[in-house]
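Coordinate inspection notes
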Amino acid sequence: MPDASTLPALSPNPVRGRLNSAFFALTAGYTDQRLAGHKRRIFPGTGGVVAEIGAGNGPNLRYLPPETAVHAIEPNPYFHRRLARTAAAHGVDLTIHPVPGEAIDLEDASVDAVVCTWVLCSVDDPAQVLREVHRILRPGGRFAFIEHVAAPHGTVRRVQRLVRRPWRWAFEGCRTDRDTAAAVRAAGFASVEITEFRFRSGFVPVRTQIAGVAVR
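What this report covers is the structure whose coordinates are included nearby. (Residues numbered from 1 in each chain as written. Predicted model: local features only at pLDDT ≥ 70, side-chain atom pairs only at ≥ 80, totals over all residues. Heavy atoms only, no water.)

Structural notes on the sheet that holds strand β4 (residues 111-117)
- Read from one edge of the open sheet, seven strands run β3-β2-β1-β4-β5-β7-β6, paired in mixed fashion. At either margin of the open sheet sits one strand with a lone partner, and together these are β3 (93-97) and β6 (191-198). Neighbouring strand axes in the sheet, compared pairwise and without regard to direction, differ in orientation by 15° on average.
- Sheet topology note: the strand β5 (residues 137-148)/strand β7 (residues 208-215) ladder contains seven bridges and is antiparallel. Bridged to Ile 146 within β7 is Ala 211.
- Strands β4, β5, β6 and β7 of the sheet are contacted by helix α2 (residues 28-42), whose axis makes an angle of about 170° with β5. (Pairing = 2+ DSSP bridges. Helix = DSSP H or I, 4+ residues; strand = E, 2+ residues; numbered from the N terminus. Axes fitted to C-alpha atoms, helices over the stretch in contact; angles between N-to-C directions. Contact = heavy atoms within 4.5 Å.)

See below:
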């Protein structure tokens, strides 16, 4: 198990941290309306012991069976109160781990599934996070993910480049132009299935997205 003490101390911005929690709470219905079909497709069978990286306010908990044991890897404390409320509303057995995705404090091969949505865009080291996902999954375990990614060359890609710095500042490190599909495929999973789709909304920088399942 990696030692979280070897990583820089986490200190979420007290203003942006609270604003992000409130923003994602306000837009949860709007976002879920556009992602629900993809979540229903990749989350079925996701039960038992589940780790969610970047659990936020808990928008994915409704897709898990009641009484699922969920380890929420969520370093931003300003999400924790809403996350706990959401877990109680959906009958989920929640444990919050305020640690970074690069150093998850769970044992090797200890979970049946890992899920994350819109997370690998904002972590410091996506390859290390994916190594952690692979490490904590049991053999045959599933990693289900939805991420926004770099757009092909064209208008959306130009917008991503134009707003790169202010977007990253506002959303606590979020990068809109990462090649996350390539990172998942390179992470050593036994199989990887990825579907590209367009997130139809006014948030142009995150229109290009992927949904997929990787099996350990």
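Quick word on the pattern of salt bridges
- In this structure the tally under the stated criterion is six salt bridges.
- Salt-bridge contacts for Arg 62 lead to Asp 32; the nearest nitrogen and oxygen are separated by 3.5 Å. Placement of Arg 62 in the loop between β1 (49-53) and β2 (69-73) and of Asp 32 in helix α2 is noted, with a sequence separation of 30 residues between them.
- Residue Arg 62 is classed as partly exposed on the basis of its relative accessible area of 48%.
- Between Arg 164 and Asp 177 there is a salt bridge, with its nearest N and O atoms 2.9 Å apart. Residue Arg 164 is located in helix α6 (residues 164-170), and its partner Asp 177 is located in the loop between α6 and α7 (180-185); the two are separated by 13 residues in the primary sequence. (Salt bridge = Lys/Arg side-chain N within 4 Å of Asp/Glu carboxyl O. Buried < 20%, exposed > 50% of the residue type's maximum accessible area, 1.4 Å probe, protein only.)

Regarding the side chain of His 97
- Along the chain, His 97 falls in strand β3.
- With relative accessibility at 8%, the residue His 97 sits in the buried group.
- Of the polar contacts made by the side chain of His 97, one reaches the side chain of His 71; its length is 2.8 Å.
- At 2.8 Å, the side chain of His 97 and the side chain of Asp 105 are in polar contact.
- Excluding anything up to four places from it in sequence, His 97 contacts His 71, Ala 72, Ile 73, Glu 74, Pro 75, Asp 105 and Leu 106. (Polar contact = N/O pair within 3.5 Å; in protein donor to acceptor, adjacent residues only side chain to side chain.)

Remarks on unusual backbone geometry
- With phi around 75°, Glu 67 is a residue other than glycine that occupies positive phi space.
- Overall, the relative accessible area of 70% leaves Glu 67 in the exposed class.
- The phi dihedral of Ala 109 is positive, around 50°, even though this residue is not glycine.
- Checked against the element boundaries, Ala 109 lands in the loop between β3 and β4.
- With relative accessibility at 32%, the residue Ala 109 sits in the partly exposed group.

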